[in-house]
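# Remarks on the overall topology
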Amino acid sequence: MVLALTVCGVVVALVVLGLFVFGLRRRLIQRSGGTFDCSLRWDVPEKTDTSGKGWSYGVARYNGDRIEWYRVFSYAYRPRRVLERAAIEVAGRRLPEGEEELALLSDAVVLTCLHRGTRLELAMSEDALTGFLAWLEAAPPGQRVNVA
């Protein structure tokens, strides 16, 4: 009985510690500011897939001429994807359809982009989208920006 209680106590402590580390990591990512909730689907086909598969929930952070994207459910402190402003081409935007509505946040707008030849989709709130498009258009003189 004592062994079972000890094992349960250790399991509960590990779960609490894991949740604490998730929260601490997100706090450290957001510390410098310029972050927004953003789901990402990488390397998507030309034909729109509304099955809801492939979406990863994350946090994006502006860092100069780059956007660093971090998975929410990860312990890694390094970004999973880095998108460079000069390499992003916006191909279009749409509202989530079908099962995507369940996979994404309720107020999300899906933005289809190309980054160095890779087709990707970003899903974010309307406010975050406005900021993202403004950031893209605010590129320094001489850089090309393709916003549809």
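Residues numbered from 1 in each chain as written. Predicted model: local features only at pLDDT ≥ 70, side-chain atom pairs only at ≥ 80, totals over all residues. Heavy atoms only, no water.

- Looking at an unreviewed UniProt entry, one finds the chain named DUF2550 domain-containing protein, with Streptomyces justiciae as its source organism.

### Some details on the sheet that holds strand 2 (residues 39–42)
- The antiparallel open sheet is built from four strands, whose spatial order is 2-8-7-6. Edge positions in the sheet fall to strand 2 and strand 6 (88–94), since each has one partner strand and no second. The average angle at which neighbouring strand axes cross in this sheet is 25 degrees, direction not considered.
- Where strand 6 lies against strand 7 (residues 108–115), six bridges are found, and the strand directions are antiparallel. Across the sheet, the residue bridging to arginine 93 is leucine 111, located in strand 7. (Pairing = 2+ DSSP bridges. Helix = DSSP H or I, 4+ residues; strand = E, 2+ residues; numbered from the N terminus. Axes fitted to C-alpha atoms, helices over the stretch in contact; angles between N-to-C directions.)

### Quick notes on the domain arrangement of the chain
- For the chain, the assigned domains read domain 1 (1–30) and domain 2 (33–137).
- Centre-to-centre separation of domain 1 and domain 2, based on C-alpha positions: 30 Å.
- Of the residues lining the interface, eight residues belong to domain 1; the matching set on domain 2 comes to 14 residues.
- A combined buried area of about 1000 Å² lies between domain 1 and domain 2, and 55% of that area is made up of carbon and sulfur atoms.
- Contact with domain 2 buries surface across domain 1, with Phe22, Arg25 and Ile29 losing the most and accounting together for 59% of the total.
- Linking domain 1 with domain 2 are zero salt bridges, by the criterion used here. (Domains from an automatic or database assignment. Contact = heavy atoms within 4.5 Å. Buried area = accessible area lost by both parts, 1.4 Å probe. Salt bridge = Lys/Arg side-chain N within 4 Å of Asp/Glu carboxyl O.)

### Brief notes about the sheet that holds strand 5 (residues 81–84)
- Read across the open sheet, the four strands follow the order 1-3-4-5; overall the sheet is antiparallel. Both outer strands of the open sheet, strand 1 (35–37) and strand 5, are each paired with one neighbouring strand and no more. Ignoring which end each strand starts from, the neighbouring axes of this sheet average 25 degrees apart.
- Across six bridges, the pairing between strand 3 (residues 58–63) and strand 4 (residues 66–71) is antiparallel. Paired with valine 59 across the strands is tyrosine 70, a residue of strand 4.
- Strands strand 1, strand 3 and strand 4 of the sheet are contacted by helix 1 (residues 2–30), whose axis makes an angle of about 25 degrees with strand 3.
- Together, strand 1, strand 3 and strand 4 form the strand contacts of helix 3 (residues 126–137), whose direction differs from that of strand 3 by roughly 30 degrees.

### Examining the packing of aromatic side chains
- Summed over all chains, the structure comprises three aromatic pairs.
- The interplanar angle of 40 degrees and the centroid separation of 5.3 Å between the aromatic rings of phenylalanine 36 and tyrosine 62 together place this pair among those described as tilted. In this pair, phenylalanine 36 sits in strand 1 while tyrosine 62 sits in strand 3, placing the two residues 26 residues apart along the sequence.
- Among the residues examined, phenylalanine 36 registers a relative accessible area of 11% and is labelled buried.
- In textbook terms, an aromatic cluster arises when at least three aromatic residues are bridged by ring pairs, as seen for Phe36, Tyr62, Phe132 and Trp135.
- Over the ring of tryptophan 42 we find arginine 81; its NZ or CZ atom is 4.1 Å from the centre of that ring. (Phe/Tyr/Trp six-rings, centres within 6.5 Å; stacked < 30°, edge-to-face > 60°. Buried < 20%, exposed > 50% of the residue type's maximum accessible area, 1.4 Å probe, protein only. Lys NZ or Arg CZ within 6 Å of the ring centre and 35° of its normal.)

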